[in-house]
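Here is what each chain is made of, one letter per residue.
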Amino acid sequence: MKQRFETRAIHTGCEPEPVTGAVVTPIFQTSTFVQESPGKKKEGYAYARTHNPTRTALEKNIASLEDGNYGLAFPSGMAAISTVTQMLNAGDHVISCDDVYSGTFRVFEKVFKRPNLEFDFIDLTKPHSLEKQIKDNTKIIWLESPSNPLLKITDIKSITNIAKNNNILTVIDNTFATPFFQKPLNLGVDIVVHSTTKYLNGHSDIIGGAVVTNDRELYDKIRFIQNAAGSVPGPFDCFLVLRGIKTLAIRMERHQENAMKIAQFLEKHTKVRKVIYPGLKSHPQYELAKRQMSGFGGIISFFIKGGLDASRSFLERVEIFSLAESLGGVESLIEHPAIMTHTSLPKEVKEKLGISDELIRMSVGIENVDDLIDDLEKSL
Ligand SMILES: *Cc1c(COP(=O)(O)O)cnc(C)c1O
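Residues numbered from 1 in each chain as written. Predicted model: local features only at pLDDT ≥ 70, side-chain atom pairs only at ≥ 80, totals over all residues. Heavy atoms only, no water.

Undergrad: What is the right way to look at the sheet that holds strand β14 (residues 359-363) in this model?
TA: Consider a sheet: its strands pair through backbone hydrogen bonds, and that pairing is either parallel or antiparallel. The sheet built from five strands is open, its strands ordered β10-β11-β14-β13-β12 with mixed pairing. Across the chains shown, the open sheet's two edge strands, defined by having one partner strand only, are β10 (272-276) and β12 (322-323). Two strands pair when backbone bridges link them, and strand β11 (residues 299-304) and β14 are joined in this way by five bridges, in the antiparallel orientation. Residue pairing across strands places F303 opposite L359, the latter belonging to β14. Taken strand by strand, helix α9 (residues 248-268) contacts β10, β11 and β14, and its axis lies near 10 degrees from that of β11. (Pairing = 2+ DSSP bridges. Helix = DSSP H or I, 4+ residues; strand = E, 2+ residues; numbered from the N terminus. Contact = heavy atoms within 4.5 Å. Axes fitted to C-alpha atoms, helices over the stretch in contact; angles between N-to-C directions.)

Undergrad: What exactly am I supposed to notice about the nonpolar core here?
TA: The tendency in soluble globular proteins is for nonpolar side chains to be buried as a group. If you look at the biggest cluster of nonpolar residues, it comprises 83 residues, and the most contacted ones within it are V84, L124, L130, I141, W142, I191 and V211. Element by element, the count of residues in this core is highest for helix α8 (residues 235-245), at six residues. Per-domain counts for this core show at least three residues from each of domain 1 (5-245) and domain 2 (248-379). The contact partners of V84, leaving out residues within four places of it in the chain, are W142, V171, I191, V193, V211 and I222. Residues I153, L288, M362 and L376 belong to the second largest nonpolar core, which totals 33 residues. (Core = buried A, V, L, I, M, F, W, Y, C linked by side-chain atoms within 4.5 Å. Buried < 20%, exposed > 50% of the residue type's maximum accessible area, 1.4 Å probe, protein only. Domains from an automatic or database assignment.)

Undergrad: How do you make sense of the pairing of strand β6 (residues 138-144) when you look at a structure like this?
TA: Residues in a regular strand point their side chains to alternate faces of the sheet. Most of β6 is tucked away: six of the seven residues are buried. With four bridges connecting them, strand β4 (residues 93-97) and β6 associate as parallel partners. Across the sheet, residue I95 finds its bridge partner in β6, namely I141. Sheet topology places β6 next to strand β7 (residues 169-173); five bridges connect them, and they run parallel. Following the sheet pairing, I140 is matched in β7 by L169.

Undergrad: Explain the domain arrangement of the protein chain to me, please; I cannot follow it from the model alone.
TA: The figure often quoted for interface size is the accessible area lost as the parts come together. Domain annotation for the protein chain reports domain 1 (5-245) and domain 2 (248-379). Between the C-alpha centres of domain 1 and domain 2 the distance comes to 26 Å. For R291, the salt bridge goes to D155, with nearest N and O atoms at 3.9 Å. On the surface where domain 1 and domain 2 come into contact, there are 16 residue pairs in polar contact (both at pLDDT 80 or more). Sorting the residues of the side of domain 1 that touches domain 2 by element identifies α1 (5-11), α4 (102-112), α5 (156-165), α6 (178-181) and α8 as the ones contributing at least two each. Of the residues that constitute the side of domain 1 that touches domain 2, the class distribution is 17 nonpolar, 12 polar and eight charged. (Salt bridge = Lys/Arg side-chain N within 4 Å of Asp/Glu carboxyl O. Polar contact = N/O pair within 3.5 Å; in protein donor to acceptor, adjacent residues only side chain to side chain. Nonpolar A, V, L, I, M, F, W, Y, C, P; charged D, E, K, R; others polar.)

Undergrad: Can you help me understand the site of the ligand in this one?
TA: The immediate surroundings of the ligand are formed by 14 residues, with M78, D173, S195, T197 and K198 found nearest. With respect to the ligand, the backbone of G77 contributes an N or O atom lying 2.9 Å from an oxygen atom. One of the side-chain N or O atoms of K198 is found 2.7 Å from an oxygen atom in the ligand. For the ligand, the accessible surface in isolation is 380 Å², of which the surrounding protein chains cover 93%. With three residues, helix α3 (residues 77-85) is the largest single contributor of residues to the shell around the ligand. (Near = heavy atom within 4 Å. Areas by Shrake-Rupley, 256 points an atom, 1.4 Å probe, with all protein chains shown as cover.)

Undergrad: Before we go on, may I ask you to explain unusual backbone geometry in this structure?
TA: Residues apart from glycine generally show negative phi values, whereas peptide bonds are mostly found in trans. Here the bond from S145 into P146 is cis, since omega is -5 degrees, no more than 30 degrees from zero. In this fold, P146 is placed in the loop between β6 and α5. Along the chain, N148 connects to P149 via a cis peptide bond; the corresponding omega equals 5 degrees.

Undergrad: What am I meant to see in the side chain of Q285 here?
TA: Tracing the sequence through the fold places Q285 in the loop between β10 and α10 (286-292). Beyond its immediate sequence surroundings of up to four residues, Q285 is in contact with T125, K152 and I153.

Undergrad: Sorry, what's going on with the packing of helix α2 (residues 53-65) against α8 here?
TA: Each pair of packed helices can be described by the angle between their axes along with the distance between the axes. Remark: α2 packs on α8, axes separated minimally by 8 Å, with the N-to-C direction vectors making an angle of 35 degrees. The handedness of the crossing between α2 and α8 comes out as left-handed. Residues T54, R55, A57, L58, N61, I62 and L65 of α2 lie in contact with α8, whose contacting residues are P235, C238, F239, V241, L242 and I245. Counted by class, the contact of α2 with α8 contains 10 nonpolar, two polar and one charged residues. (Left-handed = near helix turned anticlockwise from the far one by under 90°.)

Undergrad: I keep staring at the sheet that holds β6 and nothing clicks. Help me out?
TA: The mixed open sheet is built from seven strands, whose spatial order is β3-β9-β8-β7-β6-β4-β5. Among the strands making up the open sheet, the edge pair consists of β3 (70-74) and β5 (118-122). Recorded for the sheet is a direction-independent mean angle of 20 degrees between the axes of neighbouring strands. Relative to strand β8 (residues 191-195), α3 is tilted by about 155 degrees, and along the sheet it contacts β3, β5, β6, β7, β8 and β9 (209-213).

Undergrad: Help me out: how do you make sense of helix α7 (residues 216-229) in this one?
TA: Residues that lie three or four places apart on an α-helix share one face, since the helix turns once every 3.6 residues. Over its 14 residues, α7 extends 20 Å from the first C-alpha to the last, a length consistent with the 20 Å expected when each residue adds 1.5 Å. Among the residues of α7, L218, Y219, I222, R223, I225 and Q226 are the ones counted as buried. Angularly, the buried residues of α7 cover 160 degrees about the axis, an arc narrow enough to put them on a single face. Of the exposed residues in α7, the ones pointing more than 90 degrees away from its buried face are E217, F224 and A228. (Expected span 1.5 Å × (residues − 1). Arc of directions from axis to C-beta.)

Pasting the structure below:
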């Protein structure tokens, strides 16, 4: 019988080490592995760019959490995203959601356009508008749901149906939802990418990434590029992500519980113009979020009244919330997307998306929620 999520998070890939019986997967801090005879490798290990046992454990573990067959670990979310994109050939076309992670937008626009890949950024929350944008050379549809920072929800099943009818691959960045709340492979997505820097590691102490797929051919292609181009994580970082994942389920439950209470608090506050959280009935895609996710996550965005001055003084006053980029750690973080995380977006793109000076994004941590609410109340 297939074990349940929480059990797999702790055990899959992490069987006791056979030589010593160590219960925790060791950090195999080695660059090379001895061979018994030329080409005769122990367990397939030869050189650590290609394989490392700590990394293998993490790859099996993340694949299992996504209900996938094959996992790959990367040194950053951007490395995972870039390696997947390197499968494409000059002249290929990618359709991406318009409020894709700003670093993904930047690497598409500033790095992958140079070797002649084409990108269009469109609002994929309206699946019917997608078909008009598909061209003969469209090879990938790139999704992010919930998106960052506006937490738009994309109907994953509708998009993957359209993609399959047109022989196009779908890739989703599942960093915000995590496999605890959303399993895109079960909705027809071909490739899941992650920044493990965020919830999967969960403790704001490493940079990492991952790819998961059910397709052997795609896996072989991506692994080949990873090994050839060299985008590999170190064993210590893999160990830390594995350690973080053991508590993913209980962390996500608490992130969501706290976020829901804070979203409801903010929605009633007179200094707040509007709150965006997929778990609120006021979210335009609340029903869709409820249908395709098993929870709403720990990120809230909201608009404060009073322009940049109000945002600035609020963000200077918070004490438990740290004013910092990133998200998904046990500690609560808060930030100003227009000035901090989304500066690489051109001004007109920010305006079109609604990333204004009044927009604040918070990653709700797992502290006591009453302390978090006191901090916000005092600072507003
Ligand atoms: C942080 C993030 C990335 C990039 O990951 P790094 O680990 O910082 O390279 C990609 N997508 C999303 C949604 C992210 O939040």
